[in-house]
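Close look at the chain arrangement
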Amino acid sequence: MSGLFVEGQLGIVSMAAFINFTAGLWICQSIHSLGNAATEDEYEGVLKELLNRV
């Protein structure tokens, strides 16, 4: 989010990194939910899975 407040090249790089991170997380969430659909476990989302493993 610093890309919104920082000017210049650093702001552009920060915003691009943030967009890439959110896109990657969305893709990971989609793949993870599709893989979990075959099981009968309760699906809580990829972020909850990551927090459980940390």
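Attention here is on the structure that accompanies the text. (Residues numbered from 1 in each chain as written. Predicted model: local features only at pLDDT ≥ 70, side-chain atom pairs only at ≥ 80, totals over all residues. Heavy atoms only, no water.)

**Examining the overall build of the chain**
What the chain contains, in helices and strands, is 2 helices and 0 strands. Across the 54 residues in the chain, those meeting the buried criterion constitute 9%. Per element, the accessible surface of the chain, about 4,600 Å² overall, is 65% carbon and sulfur. (Helix = DSSP H or I, 4+ residues; strand = E, 2+ residues; numbered from the N terminus. Buried < 20%, exposed > 50% of the residue type's maximum accessible area, 1.4 Å probe, protein only. Areas by Shrake-Rupley, 256 points an atom, 1.4 Å probe, with all protein chains shown as cover.)

**Considering the environment of Ser-33**
Tracing the sequence through the fold places Ser-33 in helix H1 (residues 9-36). We classify Ser-33 as partly exposed; its relative accessible area is 27%. Sequence separation between Ser-33 and Glu-44 is 11 residues; the distance between their C-alpha atoms is 9.0 Å.

**Some details on a nonpolar patch on the surface**
Together, Phe-5, Val-6 and Leu-10 line one region of the surface with nonpolar side chains, adding up to about 340 Å² of accessible area. With respect to the secondary-structure elements, Leu-10 resides in helix H1. Given the relative accessible area of 56%, Leu-10 is considered exposed. (Patch = residues over 30% accessible without salt bridge, like charges linked within 9 Å, V, L, I, M, F, W, Y side chains within 5 Å. Salt bridge = Lys/Arg side-chain N within 4 Å of Asp/Glu carboxyl O.)

**Here's the deal with the environment of Gln-29**
One can find Gln-29 in helix H1. Separated by 16 residues in sequence, Gln-29 and Gly-45 have C-alpha atoms that sit 6.8 Å apart. Beyond its immediate stretch of four places on either side in the chain, Gln-29 contacts Tyr-43, Gly-45, Val-46 and Leu-47. (Contact = heavy atoms within 4.5 Å.)

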